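Reading the structure
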Amino acid sequence: HYFQKSENPIITVIVTMHNQAHLIHTCLRSIQNQSIKNLEILIIDDCSTDNSTETINEFQKEDHRIVLFTHIMNEGKIKSRTDGVRLAKGTYITIIDGDDSFAHEDILKHALFIAQKGNLDVVEFQEAYIINKQFKLVLNDYTLLNLTNIVYQPELSTKFFIISDNEGIRAIQSRSICAKLIKNEVFKETLKFIGTKYTEDFILEYEDTIMYVGLTQIAKSYFYMKE
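Residues numbered from 1 in each chain as written. Predicted model: local features only at pLDDT ≥ 70, side-chain atom pairs only at ≥ 80, totals over all residues. Heavy atoms only, no water.

**A closer look at the packing of aromatic side chains**
Under the defined criterion, the tally for this structure stands at 1 aromatic pair. Each ring, one from phenylalanine 102 and one from phenylalanine 125, has its centre 6.4 Å from the other, and the planes form 55 degrees; the classification is tilted. A residue pair is termed long-range when its members are at least 10 positions apart, and phenylalanine 102 in the loop between strand E4 (92-97) and helix H4 (107-118) and phenylalanine 125 in the loop between strand E5 (122-124) and strand E6 (128-131) qualify at 23 residues. On the accessibility criterion, phenylalanine 102 (12% relative accessible area) is buried. (Phe/Tyr/Trp six-rings, centres within 6.5 Å; stacked < 30°, edge-to-face > 60°. Helix = DSSP H or I, 4+ residues; strand = E, 2+ residues; numbered from the N terminus. Buried < 20%, exposed > 50% of the residue type's maximum accessible area, 1.4 Å probe, protein only.)

Quick look at the structure:
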């Protein structure tokens, strides 16, 4: 494969990784296999000590969209994601960890269609554990919520519900900042809630929460891809 780097990428995919050389290959192939090719792929390597850099360098030879930034010391996932958001050039941003992958080649295409059609700040798609190509657990399952504003899009043969106010967004209580397509300017504005302290010593789990809480304060519209 050969991919030409775009000067005006529609989506920036931020990949955060640390010592995941054995998994990053699957992650990057799933990004390259996306039907949307107008991507910027920012890899933030949080000072890996394995052969992650060598693996990424091999991918860069065939894909000029890939840009690698390496921390000189391990600074944690919050700092990695913050750096990626600040550097992102795409109109929209999505974050994926180096040990995850996109399970469907049209997922970014579908999310982008919805985001552009509704001029939405955030479009969330399903995040799940998949073992042997079988869904084992959907992590962001909101079927128990009483959200009745269902929208049907025949172009995508799928259903979504929209939440158009901040209170509704906060009610979801999703803690993951991944599995979302977010407007660049909206994501950048959320960084003001993080400040300059990036230490994760006081965050024992769910480090995504700090970014997600900021997102709920800034985003004015939010779509969840139900199916």
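**With respect to the nonpolar core**
In terms of nonpolar packing, the biggest core is built from 33 residues, with Ile11, Val13, Val15, Leu28, Ile31, Ile43 and Val123 touching the most fellow members. Of all the secondary structure elements, the ones that give two or more residues to this core are strand E1 (11-17), helix H1 (21-32), strand E2 (39-45), helix H2 (52-62), strand E3 (66-70), E4, H4 and strand E11 (222-225). Considering every element that reaches this core, the biggest residue donor is H4, with 6 residues. Membership of the second largest hydrophobic core comes to 23 residues, among which are Ile95, Met211, Leu215 and Ala219. (Core = buried A, V, L, I, M, F, W, Y, C linked by side-chain atoms within 4.5 Å.)

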